[in-house]
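Residue strings, one per chain:
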Amino acid sequence: MTVCQCIGPSMLPTFREHGDIVIIDNFSTKVLGKPYKRGDIVVCQSPDCLDKTVCKRLVGLPGDMITYRYANGTHGRYQVLKQIPPGHVWLLGDNSSNSSDSRYYGPVPMALLEGK
């Protein structure tokens, strides 16, 4: 197990914006081989910047079909249906109006997950 501080607005109201200390369970997934489940809150390396970590909710597993919306500048909103590829998960912040997550960077390789 490791300890980290989750800072930022993406997981409001689950975690406070100015930071909550969380304990990361990496033993059960990496040593005991227990699978991740939909709804788990996970910490992982950021797909955008591998020297940073992010804390998000796991909402999709390999093979799941995900429907999500995104805004594309002045061209309006688009709805996308996407299948999560093998070895990847779909992560979302609980504060969908202020979160950089899989809607922005796409499916996340499971190898980047550090624990739940």
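Residues numbered from 1 in each chain as written. Predicted model: local features only at pLDDT ≥ 70, side-chain atom pairs only at ≥ 80, totals over all residues. Heavy atoms only, no water.

Draft legend 1. Molecular detail of the overall build of the protein. Helices and strands together make up the secondary structure of the protein, namely two helices and nine strands. In the protein, the succession of helices and strands from N to C terminus is β-β-α-β-β-β-β-β-α-β-β. Against the 2.2 N^0.38 benchmark of 13 Å for 116 residues, the protein shows a C-alpha radius of gyration of 14 Å, consistent with a compact globule. By its C-alpha atoms, the protein is 45 × 35 × 25 Å across when sized along the principal axes. By the burial criterion, 37% of the 116 residues in the protein qualify as buried. (Helix = DSSP H or I, 4+ residues; strand = E, 2+ residues; numbered from the N terminus. Rg over C-alpha atoms; globule rule 2.2 N^0.38 Å. Buried < 20%, exposed > 50% of the residue type's maximum accessible area, 1.4 Å probe, protein only.)

Draft legend 2. Summary view of the nonpolar core. Core analysis: the biggest nonpolar cluster contains twelve residues, these being Y36, V42, C44, V54, L58, L61, V89, L91, Y105, V108, L112 and L113. Contributions of two or more residues to this core are made by β3 (41–45), β4 (53–60) and β7 (88–92). If we ignore the near neighbours within four places in the chain, the residues touching V89 are L58, G60, L61, P62, I84, S102, P107, V108, M110 and L113. (Core = buried A, V, L, I, M, F, W, Y, C linked by side-chain atoms within 4.5 Å. Contact = heavy atoms within 4.5 Å.)

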